[in-house]
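Take a look at the letters that make up each chain.
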Amino acid sequence: MAYGILSFGAYVPTLRIPRKAIAEAMAWASPALKGLAKGERAFANWDEDSITLAVEAARDCLRGVAERPDQIQLASTTLPFADRSNSGVVADALLCAERTTTEDLAGSRRAATSALVRLGHNPGPRSTLLLAADCRDARPASVQEMNYGHGAAALLVGQGEPIALIKGAASWHDDMVDQYRAADTDYDYVLEERWIREEGYNKLVPKAVAAALAEAGLDIGEIHRVVFPASSATAKGVAKAIRANPDLFIDPLLANCGDCGTAQPLLLLAHALETAVAGEKILVIGFGQGADALVLETTPRLAEVQSAHGPAAYIAQRRVCPAYTQFLSLRSRLEVDFGLRAERDNRTAQSAFYRRRKDITGMVGGRCTRCNTLQYPRSQVCVKCGEMETQQDESLSALQGRVKSYTEDWLAYTPLPPYIYGNVEFPDGANCMLEFTDFAPGEVKVGSSVRMVFRIKDFDPKRHFRRYFWKPAPLSGA
Amino acid sequence: MAKGIRDKVAIIGMGCSRFGERWDCGPEELILEAFKEALADAGITRDEIEMAWLGLFYQEQSAGKSALPLSLSLRLNNIPVTRVENMCATGTEALRGAVYAVAAGACDIALAVGVEKLKDTGYAGLPERTKGTFDDLWLPNATAPGAFAQLASAYAAKHRVDMQDLKRAMAHISVKSHANGSLNPKAHLRRTITEEEALNAGMVAYPLGLMDCCGVSDGAACAIVTSVEKAREMGLKDMVTVKAMQLAPSNGFEMSNTGWDGSYLHTTRVAAQRAYAEAGVTDPRRQINMMEVHDCFSVTELVVMEDLGISPEGGAIKDVMDGVFDKDGAIPCQIDGGLKCFGHPIGASGLRMAYEMYLQLLGRAGDRQLKHPSLGLTHNLGGHPFRNVASVSVFGLHSA
């Protein structure tokens, strides 16, 4: 038993927009966009937000892990709720016990790395699932619209058989307003890049790095990889400033994913851990009104688990958004006329939700103790044998399903038509009519295998609420 | 042991409004249009009606809750009126209430009225409705075409039918119903269509195109019923009697358990078997002369042919393509044009179907009259294939 990082995970949403499509649509306003029109960026589907991205990263991290964590920390600058525990929703989706400590961390792109520094300095008996997710939207034609991506990452930290040890950790606070987003606004306000590079990255990062290396008792020359959440151009200056070989800086995933804000350092770390070998010393850097630095050292245990985790599979699974206007609409930047059906009032009966919150957030159904039939939703009378009050809680969220019937409905309202839904069969008799997600038209077939993913079910724009449920998604990528 | 209601109750008058986009009418006018016809047909006065049942589905945007829409609009004499709602079986349920009251001896003459005003919603298609607070949290916000389209995907997969072949049979159904509806002055859609038009219509919910879907209409229909004895007293000799009225709602089997493959309508099978037993039908394919089934979508009609035991399992496509259900076929189906051409003002549809059976049995169907039918079947399917309410009724001639 030792204290350290026990597992890792990541998630990148399926949708991609080629940067060229953004530039082609918006270069009339900002011709300079053409210079950035390389590669593609990942973005969250209409039914994804920082909570659902975090849940997927957490599931990736917890795959093969027997115990649920004692505490969950969710770091993001784009948490959907300002007052409602976002990490509490995640905890229920992950079927964590009520005694689980849940904590939302916000206010900085360093929220996740700062939390990891804290975990490095305060080892305890309790296991922590550290989640980072961001889903930042940007003003049309802005540089951020081109550069940002949406994604999430997860680390499980605690006592056990670590895949990596935290050898050194340091934070450096400095209120340099390189960019900011006021609490009541939608978009980031970003200052001049050269100033941020020269006064920010090149001067602040070395201070945190030096402190972390000192704590680890290591010299920069002993570092094998550097995880740095910025462009290669910025990395060059920082490499010089910390006297590191620029080749040690790993691919920042900007070409095929984008800058995922708070999630980016952990997402890149997860990416590094996919291929790291035992004994590698990895320097992880976080930046934003100061800098964080962590020195990690991988263990032989990593090789046993690394193939089951990380962002590579999600980066490979991609669906290209055909039109810039669709991208805008899916991100609620463009008000499309979806007709009168979109006017449906989605008020949530909170007391009804509260009674059945586990059924909904955890997809907990019932298994009849008499005939062993699994069913969703859980009911008072078994659908198979008719016995009363025999059902025990059992979640269907981790089960693989098979499509029995489906339709692509062009009449029903959905932000991404067609509305695809159908009957899905699960093991042990369960059967359920469900709304699908992430399938393109023509992709679902009777007999298709699906996995369940946690998503936004409906928005209630009148009351600024959103409710979540589980949806069948394509099996690949899991 | 109860014997059911076979030949206990006679229909002595029926009426049906013109169905369509009745921008000129509210529910009161539609009710009156059907009621006047039924009253004249029965040859009675309004004050002879002792009890009434009103079938109305969307009270929120139609006529309102309770007995009042009927009692107020017809100025009934404070007689008991019960409003019933059982999704698309609502009209049939109103009739069942009236028929049971007469069969029970609670009254001599009862009225059943079904009405729906759908065209005040501001758009085509059925209004959005909430499914109840818990269901809203997890069930898809499905539309009717989307829910019924899945019958087609599951049917094609189960019977290993090429979707194009299934689509062609579905097109045949729509072409046939439009041909029938074109002869009916009360139908909403009176234009004939071609198979090509049906196949090339815009996609609504895969694989259902626009021509696979029934219309959305306003309408009302009604029936006046009495006991066979009373009908005889009134001088009726050849009369239309109710042979069976059966209802089967889902209990969760289809939606929550894997025993159902999505390719058929479980409750229709149950209701049909019960109705045949009540009516004394042992060989439906030979004994039933005509049918009005719940053709909300073309594929529903196709699948229902098997669920009613008319076509063998997996054999409906062949029967459809062989013309068994055409106007000149062995068992004409939707001889009035069906939901396809009448649309589906939900509360009215079941009674509209009974109205056509009544006219045909009495030889009063004009251009669409079949040769000497003696037994007709109506079928409704309320809700979605994965959870629904099915009704099967049988009407026939009775000689006193």
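The numbers attached to residues start from 1 for each chain and follow its sequence in the written order. Numbering of ligands from 1 and lettering of chains from A proceed in the order in which they are written. Owing to the predicted nature of the model, reporting of local features is limited to residues with pLDDT of at least 70; listing and counting of side-chain atom pairs is limited to 80 or more, with chain, interface and lining totals taken over all residues. Water and hydrogen atoms were dropped before computing side-chain values, which therefore reflect all heavy atoms in the structure.

Caption draft 1: A look at the overall build of chain A. Note on conventions: DSSP H or I runs of at least 4 residues are helices, E runs of at least 2 residues are strands, and numbering of each starts at the N terminus. Each helix and strand in chain A was counted, giving 13 helices and 22 strands. Taking 23 Å as the expected radius of gyration for a compact globule of 478 residues, we find that chain A reaches 23 Å, a close match to that expectation. Considering only contacts in chain A between residues 6 or more positions apart, those separated by 24 or more positions represent 72%. Accessible surface computed for chain A: about 19,000 Å², of which carbon and sulfur atoms make up 50%. Neither His nor the chain ends is counted toward charge; the positive residues are Lys and Arg and the negative residues Asp and Glu. Lysine's charge is taken at NZ, arginine's at CZ, aspartate's at CG and glutamate's at CD. On chain A, the mean spot of the 55 positive side-chain charges and the mean spot of the 57 negative ones are 2 Å from each other. The globule rule used here is 2.2 Å times the number of residues to the 0.38 power, and the radius of gyration it is set against is calculated over C-alpha atoms. Between two residues, a contact is recorded if the distance between any of their heavy atoms is within 4.5 Å. Only the protein chains shown count as cover for residues, and the accessible areas themselves come from Shrake-Rupley with a 1.4 Å probe.

Caption draft 2: Broad picture of the environment of A:A97. Along the polypeptide, A:A97 turns up in the loop between helix 3 (86–93) and strand 5 (101–105). Note: C-alpha distance between A:A97 and A:A133 (36 residues apart in sequence) is 22 Å.

Caption draft 3: Quick look at a negative patch on the surface. Residues and elements named next belong to chain B. Patch construction takes residues with relative accessible area above 30% that form no salt bridge. Like charges are linked within 9 Å, and nonpolar side chains (Val, Leu, Ile, Met, Phe, Trp, Tyr) are linked within 5 Å. A pair is scored as a salt bridge if a Lys or Arg side-chain nitrogen falls within 4 Å of a carboxyl oxygen belonging to Asp or Glu. A surface patch of like charges, here negative, comprises D47, E48, E50, D108, E229 and E233. The topology assignment puts D47 in the loop between helix 1 (27–42) and strand 2 (51–55). The exposure class assigned to D47 is exposed, which follows from its relative accessible area of 60%. Remark: exposure states derive from per-residue accessible area (1.4 Å probe, protein chains only) relative to the maximum for the residue type, with buried under 20%, exposed over 50%, and partly exposed in between.

Caption draft 4: How the structure looks around the nonpolar core. Put simply, buried Ala, Val, Leu, Ile, Met, Phe, Trp, Tyr and Cys residues joined by side-chain atoms within 4.5 Å make one nonpolar core. If you look at the biggest cluster of nonpolar residues, it comprises 164 residues, and the most contacted ones within it are A:L129, B:L166, B:M291, B:L302 and B:L308. No other element matches the 8 residues that helix 2 (residues 50–62) of chain A contributes to this core. Beyond its immediate sequence surroundings of up to four residues, B:L166 is in contact with B:A152, B:Y155, B:A156, B:V161, B:L302 and B:I317. Core analysis: the second largest hydrophobic core is formed by 40 residues, B:I5, B:V225, B:V242 and B:L370 among them.

Caption draft 5: Inspection of the pairing of strand 11 (residues 387–399) of chain B at higher detail. All names here are of chain B. Taking burial as the measure, the 13 residues of strand 11 include 10 buried ones, the bulk of the element. Bridge analysis of strand 8 (residues 238–249) against strand 11 gives 11 bridges, and the strand direction is antiparallel. From the neighbouring strand, Q246 faces strand 11, where its bridge partner is V392. As paired elements, strand 10 (residues 375–384) and strand 11 share 10 bridges and run antiparallel to each other. Note on strand 11: the bridge partner recorded for G383 is N388. In this structure, the hairpin formed by strand 10 and strand 11 is closed by a connection of 2 residues. Only when DSSP finds a minimum of two bridges between them are two strands counted as paired.

Caption draft 6: Structural view of the packing of aromatic side chains. Between the rings of Phe, Tyr and Trp (Trp by its six-membered ring), a pair exists once the centres lie within 6.5 Å; its type follows the angle of the planes, with under 30 degrees stacked, over 60 edge-to-face, and the other angles tilted. This model, assessed by the stated rule, comprises 23 aromatic pairs over all chains. Ring centres 5.8 Å apart and planes at 35 degrees place the aromatic pair A:Y376 and A:F469 in the tilted group. Note that A:Y376 is positioned in the loop between strand 16 (374–375) and strand 17 (391–395) and A:F469 in strand 22 (residues 465–474), a separation of 93 residues in sequence. Given the relative accessible area of 0%, A:Y376 is considered buried. Since its relative accessible area comes to 1%, A:F469 is described here as buried. Their ring planes at 15 degrees and their centres at 6.2 Å tell us that A:Y406 and B:Y206 sit as a pair that is stacked. Remark: B:Y206 occurs in the loop between strand 5 (203–205) and strand 6 (208–209) and A:Y406 occurs in strand 18 (residues 400–409); the pair is interchain, linking two chains. Using a relative accessible area of 6% as the deciding quantity, one classes A:Y406 as buried. A connected cluster of aromatic rings, assembled from ring pairs, spans A:Y201, A:F228, A:F249 and A:F287.

Caption draft 7: Examining the sheet that holds strand 3 (residues 81–84) of chain B more closely. All names here are of chain B. A sheet is described by the order of its strands in space; here 9 strands give the open sequence 3-2-4-7-1-8-11-10-9, paired in mixed fashion. Strands at the two margins of the open sheet, each flanked by one partner only, are strand 3 and strand 9 (290–292). Geometrically, the sheet is characterised by an average inter-axis angle of 25 degrees between neighbouring strands, direction not taken into account. As paired elements, strand 4 (residues 109–116) and strand 7 (residues 219–227) share 8 bridges and run antiparallel to each other. Each residue of the ladder has a partner; that of V113, found in strand 7, is C222. The axes are straight lines fitted to the C-alpha atoms, using for helices just the contacting stretch, and the angles between their N-to-C directions are given from 0 to 180°. Its contacts with the sheet place helix 1 against strand 1 (9–16), strand 4 and strand 7, and it is angled at close to 135 degrees to strand 1.

Caption draft 8: View of the pattern of salt bridges. The full count for this structure, using the stated rule, is 66 salt bridges over all chains. We note a salt bridge from B:R368 to B:E356, for which the minimum N-O separation is 2.7 Å. Linking B:R368 in the loop between helix 15 (346–361) and strand 10 with B:E356 in helix 15, this pair joins segments that are 12 residues apart in sequence. Using a relative accessible area of 6% as the deciding quantity, one classes B:R368 as buried. A residue is classified by how much of its surface remains accessible, and B:E356, at 1% relative accessible area, is buried. Each member of the salt-bridge network shares a partner with another, and the members are A:D47, A:E48, A:E435, A:D438, A:R455, A:K457, A:D458, A:R467 and A:K471.

Caption draft 9: Broad picture of helix 15 of chain B. Residue and element names in this part refer to chain B. To estimate the expected span of a helix, subtract one from its residue number and multiply by 1.5 Å. The end-to-end C-alpha distance of helix 15, which contains 16 residues, comes to 24 Å, matching closely the 22 Å that a straight helix rising 1.5 Å per residue would cover. Counting buried positions over the 16 residues of helix 15 gives 16, a clear majority of the element. At the exit of helix 15 stands G363, carrying a positive phi of roughly 70 degrees.

Caption draft 10: Representation of the sheet that holds strand 16 of chain A within the structure. Residue and element names in this part refer to chain A. Pairing in this open sheet of 3 strands is antiparallel, and the strands run 16-15-17 from one edge to the other. If you trace the sheet from one side to the other, it starts and ends with strand 16 and strand 17, each paired once. Bridge analysis of strand 15 (residues 364–368) against strand 16 gives 2 bridges, and the strand direction is antiparallel. Residue G366 lies in a different strand from strand 16, and its bridge partner there is Q375.

Caption draft 11: Here's a closer look at unusual backbone geometry. That bond from A:P417 to A:P418 is cis: its omega, 0 degrees, falls within 30 degrees of zero. Following the sequence through the fold, A:P418 ends up in the loop between strand 18 and strand 19 (419–425). In this model, A:L253 sits at a positive phi of 60 degrees, which is unusual for a non-glycine residue. Examined against the element boundaries, A:L253 turns out to sit in the loop between helix 7 (232–241) and helix 8 (264–273). Located in the positive-phi region is B:N78, a residue other than glycine, with phi close to 55 degrees. Residue placement: B:N78 occurs in the loop between helix 2 (68–73) and strand 3.

Caption draft 12: The confidence of the model for chain B, seen in detail. Confidence per residue, as judged by the predictor, is encoded in pLDDT with a range of 0 to 100. Summarising the model, chain B shows a mean pLDDT of 95, and 98% of its residues fall at 70 or more. ipTM for the predicted complex: 0.90, alongside a pTM of 0.94.

Caption draft 13: Region of the structure containing a nonpolar patch on the surface. Residues and elements named next belong to chain A. Where nonpolar side chains cluster on the molecular surface, the patch consists of V177, Y180, Y189, L191 and W195 and spans about 470 Å² of accessible area. Following the sequence through the fold, V177 ends up in the loop between strand 8 (164–173) and strand 9 (179–180). Look at V177 and you get partly exposed, because its relative accessible area is 34%.

Caption draft 14: Fine view of the interface of chain B and chain A. Between chain B and chain A, the contact holds 42 residues from the first and 44 residues from the second. Defined in terms of a 1.4 Å probe, buried area is the accessible area two parts forfeit on being brought together, summed over both. Interface area for chain B against chain A, summed over the two sides, is near 3,500 Å², with a carbon-plus-sulfur share of 58%. Viewed at the interface, chain A and chain B are joined by 1 salt bridge. Put simply, B:D136 and A:R344 hold a salt bridge, and the shortest N to O gap is 3.5 Å.

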